[in-house]
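Coordinate analysis (summary)
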Amino acid sequence: MTPERKIPERRSRKARRTRDTLAQAAFELVLDRGLRNVTVEEIAEAADVDRRTFSRYFTSKEAAALDSLRGDGDRINAALRARPAPEPPLLAYRRAVLDWLADPGAEPWHRRPRIFDLLVVAEEEPTLYAVFHHIRVDAQEDSVAIVADRLGVDPRQDIRPAVTVAAGAGALLAAQAAWVRGGRPDALPALVAEAFDALSADLLGEPRPAPERHGPAPDQYRDAPEKDRDAPGKDRDAPEQHRDTTSTTSTTGKAEGTEATS
């Protein structure tokens, strides 16, 4: 490696360390003292930098405190890219989230110290929750692009990638909210699985065909004259025991590739 290449890499590593130090200082101060009792100047001082340096990396104390969550969207999207191509998109999204939760090396929320506490605070502080929302939106935009690539479509013309990600991200958000309000830090994986199970099984695979209709709709003869209200093919005056009582039903199994659980 040439000296010219080493210098930018060294600067990049130093900048990454500075950002991480600021984010960690904000994270700890907000949890220890409360968001409203912490200033940007105090975060910069705890990281041993000045206010101007803080502003080069973050636009607010909320952004700094939540910076450690930004990488989680990247980890989920990396897992989504790695899912087998034949998997239906929403099933792939579900399994990507569960892969992230099961990977100790990825430090998912329920394994990372104090993330549960941070999300509790985010639920209570509107400005912190707003920043968390933007972090999620950024990750979802990348997810839409990944799903569109899996389907071979243009997400600007085909709504399916956006619908898939909205459904999957909604399930994850519902599980996260239940996790925070339930007060059980180890319950997140089970709640995520439960949230995805709550989605229609049809969304996890191919849509099942519409049931075949046999005979007229119930209201078809509502306005017909009295003598015409019996369904065609029936003899109104025939003895009851001679009428055809055979019925036909149609059943369909779940669409191929559908899985309610992973």
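A brief look at the structure comes next. Predicted model, so just to flag it, every value in this text is computed and none were measured. (Residues numbered from 1 in each chain as written. Predicted model: local features only at pLDDT ≥ 70, side-chain atom pairs only at ≥ 80, totals over all residues. Heavy atoms only, no water.)

1. Some details on the overall build of the protein chain
Just so we agree on the cut-off: Elements are defined by DSSP. Helices are runs of H or I of four residues or more, strands are runs of E of two residues or more, and each kind is numbered from the N terminus. Think of it in three bands: residues with accessible area under 20% of the maximum for their type are buried, residues over 50% are exposed, and the middle band is partly exposed, with areas taken using a 1.4 Å probe on protein chains only. Shrake-Rupley sampling with a 1.4 Å probe provides the accessible areas, and residues are treated as covered by the protein chains on show and by no other component.
Scanning the protein chain from N- to C-terminus turns up 10 helices and 0 strands. Scanning the protein chain from its N terminus toward the C terminus, one meets helices and strands in the order α-α-α-α-α-α-α-α-α-α. When each of the 262 residues of the protein chain is scored for burial, the buried share is 36%. For the protein chain, the exposed area adds up to about 16,200 Å²; of that, 50% sits on carbon and sulfur atoms.

2. Quick look at the nonpolar core
Grouped burial of nonpolar side chains is what soluble globular proteins tend to show. Which entries qualify depends on this criterion: In plain words, nonpolar cores are sets of buried Ala, Val, Leu, Ile, Met, Phe, Trp, Tyr and Cys residues tied together by side-chain atoms within 4.5 Å. Should any heavy atoms of two residues lie within 4.5 Å, those residues are counted as being in contact.
Trp109 and Val192 are the most contacted members of the largest nonpolar core, which totals 60 residues. Contacts of Val192, omitting those with residues within four sequence positions, involve Val97, Leu98, Leu101, Leu172 and Ala175.

3. Quick notes on empty space enclosed by the protein
A water-sized probe, rolled over the atoms, reveals where empty space remains. Cut-off, in case you're wondering: A cavity here means a set of 1 Å grid points, computed over protein atoms only, where a 1.4 Å probe fits but cannot escape. A pocket is an open set with protein on both sides within 12 Å along at least 5 of 7 lines, and lining residues have an atom within 4 Å of a point. Grid points are joined across faces, edges and corners, and a volume is the space filled by probe spheres set on the points. Classification convention: Asp, Glu, Lys, Arg as charged; Ala, Val, Leu, Ile, Met, Phe, Trp, Tyr, Cys, Pro as nonpolar; all other residues, Gly among them, as polar.
The full count for this structure, using the stated rule, is 1 cavity of 30 Å³ or more. Space inside the largest cavity adds up to approximately 250 Å³. Residue lining of the largest cavity: 17 residues in total, with Gly73, Ile76, Arg136, Ala139 and Leu172 positioned closest to the centre. For the lining of the largest cavity, the elements supplying multiple residues, two or more each, are helix H5 (67–82), helix H8 (126–151) and helix H9 (160–182). When the residues that make up the lining of the largest cavity are grouped by side-chain class, the tally is 10 nonpolar, 5 polar and 2 charged.

4. Focus: the pattern of salt bridges
Close approach of charged atoms allows side chains with opposite charge to pair. Selection criterion: We define a salt bridge as a side-chain nitrogen of Lys or Arg found within 4 Å of a carboxyl oxygen belonging to Asp or Glu.
According to the stated counting rule, one finds 17 salt bridges in the structure shown. Asp67 is paired through a salt bridge with Arg16; the nearest N and O atoms lie 3.8 Å apart. Here Asp67 is found in helix H5, whereas its partner Arg16 is found in helix H1 (residues 3–33), with 51 residues between them in sequence. Judged by its relative accessible area of 42%, Arg16 is partly exposed. Bridged by salt links that share partners, the residues Arg16, Arg19, Asp20 and Asp67 form one connected network.

5. A look at the environment of Ala177
Mapped onto the secondary structure, Ala177 falls in helix H9. Distance from Ala177 to Val120, taken between C-alpha atoms, is 9.0 Å for residues 57 residues apart in sequence.

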